[in-house]
Number of protein chains: 2
Amino acid sequence: MNYSIFCSKCGKEREEKTQWRCICGAPFDIALNIKFDKEKIIRSCKSIWRYKHYFPYVKRDKIITLGEGCTPITKLDDNLWIKLDYLMPTGSYKDRGSSTLVSSLCSESDIIKGLSEDSSGNAGASLAAYCARANIKLKVFVPKSTSGPKLSQIKAYGAEVFRVEGTREDVSKMAQRAMKDHLYVGHVWHPFFRDGIRTLLYEVAEQTGWRMFDKIYVPVSAGTLLLGVISGIKHLLSSDIINKVPRIIAVQTRQVSPLYHRMEKLSYVPPESIKTVADALVSTNPPLLDLMEKNLREVDGGSEVVDEEEIVSSYYALAKKGFHVEPSSAVTYAAYLKQLAKGGFSEKEKVLLILTGTGLKSPMKSFRNNKVLL
Amino acid sequence: MNYSIFCSKCGKEREEKTQWRCICGAPFDIALNIKFDKEKIIRSCKSIWRYKHYFPYVKRDKIITLGEGCTPITKLDDNLWIKLDYLMPTGSYKDRGSSTLVSSLCSESDIIKGLSEDSSGNAGASLAAYCARANIKLKVFVPKSTSGPKLSQIKAYGAEVFRVEGTREDVSKMAQRAMKDHLYVGHVWHPFFRDGIRTLLYEVAEQTGWRMFDKIYVPVSAGTLLLGVISGIKHLLSSDIINKVPRIIAVQTRQVSPLYHRMEKLSYVPPESIKTVADALVSTNPPLLDLMEKNLREVDGGSEVVDEEEIVSSYYALAKKGFHVEPSSAVTYAAYLKQLAKGGFSEKEKVLLILTGTGLKSPMKSFRNNKVLL
C-alpha cells in the first residue's frame, strides 16, 4: 500500500471508512509512501490535480474538481511575495481540501447518501460547492456570527444551513451528532480534507523553481492550512526536492491564540465572547492543537499574534495595494509588518504571505457595525 | 512599428496619447503587426503576461499585474465546457483589460495624476484595483443601481465613487466631463482596455491544445468581451495557429438587446427602466454597437436573447452544479439551454460558455427584493 491512515496519537490504523477520528478520540494522519518526483506532475492540468500521483487514494475517474489551485504568487514589496490562494472556485483556499475530500469519499464508496460539516463559513461554502458538483446532499452547521455573503453562498450551492448559538466547538458537536443518512466529514477532523492542503506547498515550490522562501506567514485557526503546508514541506524535503525548511510563522488573533500560547508556553484563557473582524479565525479550542504544536516545533516554526487594529489597518493597506482579501487573511500582513518593525530580518530574506479568503465575503460595512473598533 | 492605433470608422490614426476616441467620435481600434508564435509564450508566467510579446505597446518594467488570467476550463456536461473567467483578482474577466490598460498608460507616460472611469460595477472595481497597485488616483462613476458588494469593493481599493441617476449612457457622460487632473479612460472606449481581452481567447486555444471549440457563448453588454474574443480569433487565424472559426453566440437579456436586434435586423426600443437580475448587462445604447455587428458578422456569429426567468433558473442550475456566478454570467448557460431545447446541435459539437463574474458580487437576496420576479 502506498499510503496509510493512522491515529496521530496512538498510531492505530483506521478500520472503517466512515471513521473521521480514531476510537481514542485523536485525529487521523495520512502517511504517504511515494517520493515526490517532478516528472510525475501532469503539466497540462491547471488545478491541484496536476499532483494526482501523490493522492493514491483518489480514483482517476472519481475526481471532483471545480478548477481549484494553481493560484498566482505576486510580488507585494521588496523581498515580499503573496500567494493569492483566494483566487479559488469558492473564494478560499479550502477548495483544495474539499476537492480531495469529496474525491476521496467518492473513490471509497459508490453510494453517499448525505454528509454533514461544521464551519465558520468558508469551508462550508467550499464543501457545499463540491457536494453540489458531486450531487451529494450536505448539511452545514455554522456559528450564529457567520457573515451574510458566506451564508448566501452556502445556500446558493443548495446545502442546508443550520446556525448554532455558542462557541465554534458547540457548532462542531451539533454537526457530529449522528444523523440518519448524513455522514459527518467535518473538514477539521477528516484526514482527506487536510491532506489536500499540501498541494499549496507543492505549488509554491514549483512556482519558485523549487527554491524555497525563507519565511512563510500562515493564518491559523483550526490548523488545516498550517498542517497541510508543513506536510508538503516534509514530503518535498524527504524526497530531496528542496533542501531547506522555510521558517513557518503561525499567525493568530490576540483573542483566538491557543497555538501562540502553546508555542510561548503560556496558558490561554479564551475570552467569553469573540469580537473580531477576522471571522474565519474563531477556533479557541481546536482539536488539532497538539498536532499543530508538534509539527510546528518539528520544522522549527514560530508564532505571532496581532490585534484588531493591526488587522484592520493591514486589510486596508493590502486593498490599497490592489489586494482585497478578508480580514482573516490580512493577519499575515499584520504579523509581517509587526515583526519587520521589531527588526531582525536579514536584507536578503525572501518572505511569502499566504492570503486565504477573498474580501468579497467580508465587506467593509461589517467593520463599521463592529463596536470593538469604534 | 509593430502596432497602430486608428479610428474604427474613418481610419485616422490616434494623434494624442490622451485621446480615448477619434475626433470623428468613433472608437479606436488597434492593429497588431506581429504573427502569433507559440514559442514566444512565456511559459513560466501564470498570468495574461505570458503573452507579453503580443502587447508591444507595454514596456516590460511597466507591467501592472495582480496575477490575472490563466483561469481554468472545466467540463460541465457532455460536450459542454465552461471558462471560469471570474477566478480573477477582483472577481471578473475585466481584470484582463484593466491590467493592459493601466500597464499601457504607465508605459506611455511617467506622470499620471488621476483617471476617471464609468462602469456598471465590475470594471470600476477592477480598474480601482489596478490603479491602487499602480498608485494612481481614480474616480469611478456608477449607475445608482450598482449593487452593494461592488460598491464596497471599489471603495476598499481606495477609489472615489460617484453614483449617477439615469441610464448607463448618462453615467458615461458624467465621467467624460473634463476634470482637472483626471484623464478619462472609460474601459468601453479605451482601446488598451479592450485589447487586453484577446488574452482570453489565447488561453482557450492554448488550454485545448490549439484546437478550437465549435461554439462559444459570450455575454454581451458594452461589447468589450465580444470584441476581445473575436480579435483573438482573428489573430490566431491569420497566424495559422487555428484553422477554424468557432461560432460565437452573443447573448443578451431581452430588455437590453441592441446587438441581438441589429443581428436580427429588427428595431430596438429600450425599456423606460431596466429591471433585471443581470445587473452587469445594462448598456442599451453601447458606443461599440457598429463595431460589434461588423465583427460578429465577419466571423459568421449569431446572437440570442434570454428572459429573466431563464437567467434566474440558469443561475441556480449552475450553482447547484458547483459554479456560483453572477446572473449576468448565467445568461450564457440560459442561452445554451434554450438553443439546445430548440435542437440543431450536432452530437459532436463542443461548446464553451464564458463565465465572467463571481456570484459573490450579486448575493441571492437581491433577487428576493426584485419585484419583477415575484
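Predicted model, so just to flag it, every value in this text is computed and none were measured. (Residues numbered from 1 in each chain as written. Chains lettered and ligands numbered in written order. Predicted model: local features only at pLDDT ≥ 70, side-chain atom pairs only at ≥ 80, totals over all residues. Heavy atoms only, no water.)

K.L.:
Got a minute to help me understand the pattern of salt bridges in this structure?
P.N.:
A side chain of one charge can pair with a side chain of the opposite charge if their charged atoms are brought near each other. Residues and elements named next belong to chain A. This model, assessed by the stated rule, comprises 54 salt bridges over all chains. Glu 160 is paired through a salt bridge with Lys 139; the nearest N and O atoms lie 3.4 Å apart. One end of the pair, Glu 160, is in strand E7 (residues 160–164); the other, Lys 139, is in strand E6 (residues 137–143), and 21 residues separate them in sequence. Since its relative accessible area comes to 15%, Lys 139 is described here as buried. (Salt bridge = Lys/Arg side-chain N within 4 Å of Asp/Glu carboxyl O. Helix = DSSP H or I, 4+ residues; strand = E, 2+ residues; numbered from the N terminus. Buried < 20%, exposed > 50% of the residue type's maximum accessible area, 1.4 Å probe, protein only.)

K.L.:
I would appreciate a short explanation of the interface of chain B and chain A in the present structure.
P.N.:
The accessible area lost on association of the parts is a frequent measure of interface size. Contacts between the two partners involve 36 residues from chain B and, on the opposite side, 35 residues from chain A. Across the contact surface, chain B and chain A share 0 salt bridges. Applying the counting rule to chain B against chain A returns 4 residue pairs in polar contact (both at pLDDT 80 or more). Of the residues forming the side of chain B that touches chain A, the biggest block, 5 residues, is contributed by helix H3 (residues 148–156) of chain B. Classifying every residue of the side of chain B that touches chain A by side-chain character gives 19 nonpolar, 10 polar and 7 charged. (Contact = heavy atoms within 4.5 Å. Polar contact = N/O pair within 3.5 Å; in protein donor to acceptor, adjacent residues only side chain to side chain. Nonpolar A, V, L, I, M, F, W, Y, C, P; charged D, E, K, R; others polar.)

K.L.:
Would you mind going over the sheet that holds E6(A) with me for this structure?
P.N.:
Strand-to-strand pairing in sheets goes through backbone hydrogen bonds, with the strands running parallel or antiparallel. Residue and element names in this part refer to chain A. Judged by pairing direction, the sheet is parallel, and its 4 strands sit side by side in the order E7-E6-E5-E8 without closing on themselves. Edge positions in the sheet fall to E7 and strand E8 (183–184), since each of these pairs with one other strand and no more. As judged from the 2 bridges shared by strand E5 (residues 114–118) and E8, these two strands associate in the parallel manner. The residue bridging Leu 115 from the neighbouring strand is Leu 183, located in E8. Packing against the sheet, helix H2 (residues 122–134) makes contact with E5 and E6, and its axis sits at approximately 175° to E6. Contacts from helix H3 (residues 148–156) reach E6 and E7 within the one sheet, and its direction differs from that of E7 by about 150°. (Pairing = 2+ DSSP bridges. Axes fitted to C-alpha atoms, helices over the stretch in contact; angles between N-to-C directions.)

K.L.:
I keep staring at the packing of helix H7 (residues 224–238) of chain B against helix H9 (residues 289–298) of chain B and nothing clicks. Help me out?
P.N.:
Residue and element names in this part refer to chain B. Contact pair H7 / H9: the axes reach a minimum separation of 10 Å and the direction vectors enclose 40°. Between H7 and H9 lies a crossing of left-handed hand. Contacts between H7 and H9 involve Leu 226, Leu 227, Ile 230 and Lys 234 from the first element and Leu 291, Met 292, Asn 295, Leu 296 and Glu 298 from the second. Per-class residue counts for the contact of H7 with H9 are 6 nonpolar, 1 polar and 2 charged. (Left-handed = near helix turned anticlockwise from the far one by under 90°.)

K.L.:
Could you clarify how one ought to interpret helix H2 (residues 122–134) of chain B in this entry?
P.N.:
If you check H2(B), its first and last C-alpha atoms are 19 Å apart, about what 13 residues at 1.5 Å a residue would give, namely 18 Å. Across the 13 residues of H2(B), 12 count as buried, placing the element largely inside the fold. Those residues of H2(B) lying buried are B:Asn122, B:Ala123, B:Gly124, B:Ala125, B:Ser126, B:Leu127, B:Ala128, B:Ala129, B:Tyr130, B:Cys131, B:Ala132 and B:Ala134. Contacts made by the buried residues of H2(B) are with helix H10 (308–320) of chain A together with helix H1 (94–108), strand E5 (114–118), strand E6 (137–143) and H3 of chain B. Downstream of H2(B) by a residue or two, B:Asn135 has a phi angle that is positive, lying close to 60°. (Expected span 1.5 Å × (residues − 1).)

K.L.:
Would you mind going over the pairing of strand E12 (residues 351–355) of chain A with me for this structure?
P.N.:
Side chains on a regular strand alternate between the two faces of the sheet. Residues and elements named next belong to chain A. The buried count for E12 comes to 5 of 5 residues, which makes it a mostly enclosed element. On E12, burial covers both faces: Val 351, Leu 353 and Leu 355 on one face and Leu 352 and Ile 354 on the other are all buried. Pairing between strand E9 (residues 215–219) and E12: 3 bridges, direction parallel. Across the sheet, the residue bridging to Ile 216 is Leu 352, located in E12.

K.L.:
How should the packing of aromatic side chains be read in this particular structure?
P.N.:
In the structure shown here, the tally under the stated rule is 36 aromatic pairs over all chains. Relative to B:Tyr57, the ring of B:Tyr3 lies with its centre 5.4 Å away and its plane at 65°, an arrangement referred to as edge-to-face. You can see B:Tyr3 sitting in strand E1 (residues 3–7) and its partner B:Tyr57 sitting in the loop between strand E2 (28–32) and strand E3 (73–77), a full 54 residues away along the chain. In this structure B:Tyr3 comes out as buried when scored by relative accessible area, which is 14%. Seen in terms of ring centroids, B:Phe36 and B:Tyr51 are 6.4 Å apart; in terms of plane orientation they differ by 45°. Their pairing is tilted. Here B:Tyr51 lies in the loop between E2 and E3 and B:Phe36 lies in the loop between E2 and E3, a separation of 15 residues in the sequence. Relative accessible area serves as the criterion here: at 0%, B:Tyr51 is assigned to the buried category. Through a chain of ring-to-ring contacts, three or more aromatic side chains come together here, namely A:Tyr3, A:Trp49, A:Phe55, A:Tyr57 and A:Phe192. (Phe/Tyr/Trp six-rings, centres within 6.5 Å; stacked < 30°, edge-to-face > 60°.)

Geometric values such as these leave the question of function open.
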